[in-house]
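Fold and contact review
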Amino acid sequence: MTALDPPAAARRRVGAALDVLRPIRLPPERRRRHALAERRRLLPLARLVLLCGALFAPIFASGDVLLAGWEAALAHLPTRFGLSAAFLAIWAATHLPGMERRWPRLWLAGPVICNLGYAWIIARLPDGTEEGLAGLLFAMAAHVVVAPSFGYAMAGFALISAAGVAGLALGGAPQGLVIYAAYSAATFTAFFALVAWPIEQGRRRTRLLADEAAAAHARADALVAAMLPAPVARRLAAGEPAPAEDAPAATVLFIDMVGFSGLSRGMDPRRVVRVLEAAFGELDLAVERAGLAKIKTLGDAYMAAGGLPGVAAAGPAEAAALARRAVAGAGAFGARHGLEVSVHAGI
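Residues numbered from 1 in each chain as written. Predicted model: local features only at pLDDT ≥ 70, side-chain atom pairs only at ≥ 80, totals over all residues. Heavy atoms only, no water.

Points about the nonpolar core
Most often, soluble globular proteins keep nonpolar side chains buried together rather than apart. Judged by nonpolar contacts, the single largest core of 27 residues is most densely connected at Ile255, Met257, Phe260, Leu292 and Tyr302. If you list the elements that add at least two residues to this core, you get strand S1 (251-258), helix H9 (269-290), strand S3 (301-306) and helix H10 (316-336). No other element matches H9, which puts nine residues into this core. Excluding anything up to four places from it in sequence, Phe260 contacts Val272, Val275, Leu276, Asp300 and Leu339. Counting 13 residues, the second largest nonpolar core, distinct from the first, contains Leu43, Leu50, Ile90 and Trp103. (Core = buried A, V, L, I, M, F, W, Y, C linked by side-chain atoms within 4.5 Å. Buried < 20%, exposed > 50% of the residue type's maximum accessible area, 1.4 Å probe, protein only. Helix = DSSP H or I, 4+ residues; strand = E, 2+ residues; numbered from the N terminus. Contact = heavy atoms within 4.5 Å.)

Given below as structure tokens:
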């Protein structure tokens, strides 16, 4: 099959399109973290949209003048500025403590108030259908962009549509206009639902990739920290060079498990790993308490150092004390793991 095969290319394009719609399932804990992260990320955008809604209300008053003249425009001016005040009140409420989690519920009120108010106004204006559809589109477009989840988006679409139809009916609009508005609302709801679904899956896919990248970064940091002294590891993590430094009074400690290489040949590999992890884990704690710094491990050998400026201040006395404890504790460690273990240590 070649790259120029039209049916194959068409299948790939269809597959790519369907992949965008494929649901991305998150485990419960990750789903909660994703929801909280999305709410925090989208809160500034929600505040911006609310401010835009507050500005659009008086701007649309000029449309009243064009559609119905100054008298009708002045008659509806209190309603216009009432809408602006409602948007500003919701914007101010999003700054209250704890709104990072709860603002989506409050956000649902914004587009609903917008559409209810505009629908009531256009029901009383001649030829106001165009302005009403503009208000409906603004409310739905703002909601699909800011809604933190597909569920919130669909709930908002339903409330926005119901508010628009109710506003027309309460404003005394002709029955034909109410039916047309209901049809338009249903059409827009279906359209924006098709937009909201891939947006939500894209956000989830981005969250998965971000979590995987963070986990990989954490594993890399842990690996570097296990191989290098902490100050050197921090420099490398920050992107700084780690040049060689003089240590005129350095003390180097070697600890080796005697005969472990031959003993491990008859052991299950997983048990070998568990024994070495336990041994090196205990040595890590002992080295840290002694004021030394772990340098590296090689097979069943362990290397630590002291007298390193800014890294490990301990010197030969602490290293010798640690070496004696390691030799004396080898038998007890071996007994805990069902092995005969002895240790050589040198400075």
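There is more to say after this.
Overview of the packing of H9 against H10
Orientation of H9 relative to H10, taken along the N-to-C sense of each, is 150°, at an axis distance of 11 Å. Here H9 lies roughly antiparallel to H10, going by the angle between them. Between H9 and H10 lies a crossing of right-handed hand. Along its contact with H9, which presents Val275, Ala278, Ala279, Glu282, Ala286, Val287 and Ala290, the element H10 presents Glu318, Leu322, Arg325, Phe333 and Arg336. Here the contact of H9 with H10 is built from residues that sort into eight nonpolar, no polar and four charged. (Axes fitted to C-alpha atoms, helices over the stretch in contact; angles between N-to-C directions. Parallel < 35°, antiparallel > 145°, perpendicular 65-115°, else oblique. Left-handed = near helix turned anticlockwise from the far one by under 90°. Nonpolar A, V, L, I, M, F, W, Y, C, P; charged D, E, K, R; others polar.)

Concerning H9
Given a rise of 1.5 Å per residue, 22 residues ought to cover 32 Å, and the 31 Å separating the end C-alpha atoms of H9 matches this to within 8%. Buried within H9 are the following residues: Val272, Val275, Leu276, Ala279, Phe280, Leu283, Ala286, Val287 and Ala290. Considered in projection along H9, the buried side chains sweep an arc of 120° and stay on one side of the axis. In H9, the exposed positions that point more than 90 degrees away from the buried face belong to Arg270, Arg274, Glu277, Glu288 and Arg289. Structurally, H9 contributes buried residues whose contacts are with S1, helix H8 (260-264), strand S2 (293-298), S3 and H10. For H9, the side-chain oxygen to backbone nitrogen distance between the N-cap and Arg270 is 3.0 Å, and the N-cap itself is Asp268. Looking one or two places after H9, you find Gly291, whose phi comes out positive at around 85°. (Expected span 1.5 Å × (residues − 1). Arc of directions from axis to C-beta. Polar contact = N/O pair within 3.5 Å; in protein donor to acceptor, adjacent residues only side chain to side chain.)

Quick look at the pattern of salt bridges
Enumeration according to the criterion identifies six salt bridges in this entry. The shortest N-O distance in the salt bridge between Arg33 and Asp211 comes to 4.0 Å. In this pair, Arg33 is assigned in helix H2 (residues 28-93) and Asp211 in helix H6 (residues 175-227), connecting sequence segments 178 residues apart. (Salt bridge = Lys/Arg side-chain N within 4 Å of Asp/Glu carboxyl O.)

Here's the deal with helix H5 (residues 150-170)
If you check H5, its first and last C-alpha atoms are 30 Å apart, about what 21 residues at 1.5 Å a residue would give, namely 30 Å. Of all the positions in H5, only Tyr152, Ala153, Gly156, Phe157, Ile160, Ser161, Ala163, Gly164, Gly167 and Leu168 are classed as buried. For H5, the arc enclosing every buried residue in end-on projection is 165°, short of the 170-degree limit, so these residues lie on one face.

So, the environment of Ala46
With respect to the secondary-structure elements, Ala46 resides in helix H2. Taking the C-alpha atoms as reference points, Ala46 and Val146, separated by 100 residues in sequence, lie 5.9 Å from one another. Apart from the residues within four sequence positions on either side, Ala46 is in contact with Trp103, Trp107 and Val146.

So, the pairing of S3
Two faces belong to every sheet, and in a regular strand the side chains alternate between them. Relative to S3, S1 runs antiparallel, the two sharing six bridges. Note on S3: the bridge partner recorded for Leu253 is Ala304. As defined by bridge partners, S2 adjoins S3 across five bridges and the pair is classed as antiparallel. Looking at S3, one finds that Ala293 is bridged to Ala305. (Pairing = 2+ DSSP bridges.)

Overview of the packing of aromatic side chains
A complete count under the given rule lists two aromatic pairs for this structure. Each ring, one from Phe150 and one from Trp197, has its centre 5.1 Å from the other, and the planes form 85°; the classification is edge-to-face. With a gap of 47 residues between them, Phe150 in helix H5 and Trp197 in helix H6 connect regions that are remote in the sequence. Looking at Phe150, the relative accessible area reads 23%, which means it is partly exposed. Considering the side-chain rings of Phe280 and Tyr302, the 5.8 Å spacing of their centres and the 40° angle between planes classify their relative orientation as tilted. With Phe280 in helix H9 and Tyr302 in strand S3, the pair connects residues that are 22 residues apart, well separated along the chain. (Phe/Tyr/Trp six-rings, centres within 6.5 Å; stacked < 30°, edge-to-face > 60°.)

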